[in-house]
Amino acid sequence: MSARSGSPSRPHKTSNGPVSDAGFVLDVRNLGRRPGTMREVRRTVTEHERMGLDLIAIPADAEVDLDLQLQAVSEGVLVTGTVSGPTVGECSRCLEPFEDRVEVRLTELFAYPDSKTEQTTEDAEVYRMEDDLIDLEPVILDAIGLELPLQPLCTPDCAGLCPECGVRMAIAGPDHGHEILDPRWAKLASFATEAPGTGDPAEGSTPQDRSAPGADDARVVSENQEEK
């Protein structure tokens, strides 16, 4: 996934033509074409557009550090080295913002305009030089897009959000939890809440139910004696 999918590489040009050694553009005229010739490039570029993915990216106006080596080979210029910069993102588990840093390693050949590689390779398969200039922006964008995670995390062990109340588990504490009641027992639980018992077996019985044992038998004997 490209770090800026659908966006073409911005031209580094003025009204007088291409700009030499500006931003991500490198002028390789002083490198020459003798195979084995090398040159080191170290610079900091202020990138004015966001570079990255939906949830994490190098923000606009951030400083991107280039530490590169240019080497002339028979078919073009081989660029190797690292590109690094700060990133800001949103954790895919807890949704909290966080900051980090990304570093990508580049190894890319830029073909000479008149080389056999340039003549026999499709446009999408190799990068090309133009007027002895190398534009690193598309290479860096693709490298960053591949290096950054699709589901970034603020910490490797982020516990995310509580599925019941949505609070961040990192601040909820070890005792955080919710009693999950089986719906089959929900009605009984509501009865217990509305009329809590005291444990007395006689609770809820009528006065007649609580009469002394044998009371009914004594009443029957008394009635029989009166009839006699």
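This one's a predicted model, so the numbers in the text were calculated from it and none came from an experiment.

Ring pairs (aromatic) are described by centroid distance and by the angle formed between their planes. Taken as a whole and assessed by the stated rule, the structure comprises one aromatic pair. Seen in terms of ring centroids, Phe 110 and Tyr 127 are 5.5 Å apart; in terms of plane orientation they differ by 35°. Their pairing is tilted. With a gap of 17 residues between them, Phe 110 in strand 9 (residues 97-111) and Tyr 127 in strand 10 (residues 127-128) connect regions that are remote in the sequence. Under the relative-accessibility criterion, Phe 110 is labelled buried at 1%. We classify Tyr 127 as partly exposed; its relative accessible area is 23%.

Bridge count for strand 8 (residues 76-90) against strand 9 is 15 bridges, and the pairing is antiparallel. Opposite Ser 84, over in strand 9, you have Glu 103 as the bridge partner. Hairpin connection from strand 8 to strand 9: six residues lie between these consecutive antiparallel strands, with Leu 95 at a positive phi of about 70°. Summarising the sheet, strand 9 and strand 10 pair through two bridges and their orientation is parallel. Pairing of Ala 111 across the sheet is with Arg 128, part of strand 10.

Another aspect to go through is the confidence of the model for the chain. Model confidence for the chain is summarised by a mean pLDDT of 78, while 66% of its residues fall at 70 or above. Across the chain, strand 6 (residues 56-58) holds the top mean pLDDT of 97, while strand 1 (residues 13-14) sits lowest at 42. Low pLDDT, under 50, characterises residues 4-18; the predicted model gives this stretch 27 contacts beyond four residues in sequence or across chains.

Ranked by internal contacts, the top residues of the largest apolar core, which has 37 residues, are Leu 68, Val 77, Ile 134, Leu 136 and Ile 140. For this core, the secondary-structure elements that each account for two or more residues are strand 4 (38-47), strand 6, strand 7 (62-73), strand 8, strand 9 and helix 2 (137-147). The greatest single-element share of this core, amounting to six residues, is contributed by strand 7. Apart from residues lying up to four places away in sequence, Leu 136 is in contact with Phe 24, Leu 26, Leu 68, Val 79 and Phe 110.

Our next topic: the pattern of salt bridges. For side chains bearing opposite charge, pairing can occur when the charged atoms are close. In the structure shown here, the tally under the stated rule is four salt bridges. Salt-bridge contacts for Asp 65 lead to Arg 101; the nearest nitrogen and oxygen are separated by 3.0 Å. In this pair, Asp 65 sits in strand 7 while Arg 101 sits in strand 9, placing the two residues 36 residues apart along the sequence. For Asp 65, a relative accessible area of 27% gives the class partly exposed. Linked by salt bridges that have partners in common, Glu 40, Arg 42 and Asp 67 make up one network.

Let us look at unusual backbone geometry. The general pattern is negative phi for most residues beyond glycine and trans for most peptide bonds. In this structure, Asp 61 is a non-glycine residue whose phi angle is positive, near 70°. Along the chain, Asp 61 falls in the loop between strand 6 and strand 7. The phi dihedral of Asp 131 falls on the positive side, at around 55°, and the residue is not glycine. Take Asp 131: it is sitting in the loop between strand 10 and strand 11 (133-135).

Using the criterion set out here, one finds zero disulfides in the structure. Cysteine Cys 91 shares no disulfide, and the gap to the nearest cysteine sulfur, in Cys 94, comes to 3.7 Å. Here Cys 91 falls in the buried class, since its relative accessible area comes to 0%.

What counts as what
Along each chain, residue indices are assigned from 1 in the same order as the chain's sequence is written. In keeping with the predicted nature of the model, local features appear solely for residues at pLDDT of at least 70, side-chain atom pairs appear and are counted solely at 80 or more, and the whole-chain, interface and lining totals rest on all residues. Side-chain measures were taken over the full set of non-hydrogen atoms in the model, leaving aside hydrogen atoms and water. Working definition: rings of Phe, Tyr and Trp (its six-membered ring) pair if their centres are within 6.5 Å, and the pair is stacked with planes under 30 degrees apart, edge-to-face with planes over 60 apart, and tilted otherwise. Helix and strand assignments come from DSSP, with helices taken as H or I runs of at least 4 residues and strands as E runs of at least 2, each series counted from the N terminus. With a 1.4 Å probe rolled over the protein chains alone, any residue whose accessible area is under 20% of its type maximum counts as buried; one over 50% counts as exposed, and the rest are partly exposed. Whether two strands pair depends on DSSP finding at least two bridges between them. Values of pLDDT, which run from 0 to 100, indicate the predictor's confidence residue by residue. The contact definition used throughout considers only heavy atoms, calling two residues in contact when any of these lie within 4.5 Å. The set of buried Ala, Val, Leu, Ile, Met, Phe, Trp, Tyr and Cys residues whose side-chain atoms join them within 4.5 Å is what this entry labels a nonpolar core. Here, a salt bridge means any Lys or Arg side-chain nitrogen found within 4 Å of an Asp or Glu carboxyl oxygen. Throughout, a disulfide means two cysteine sulfur atoms within 2.5 Å of one another.

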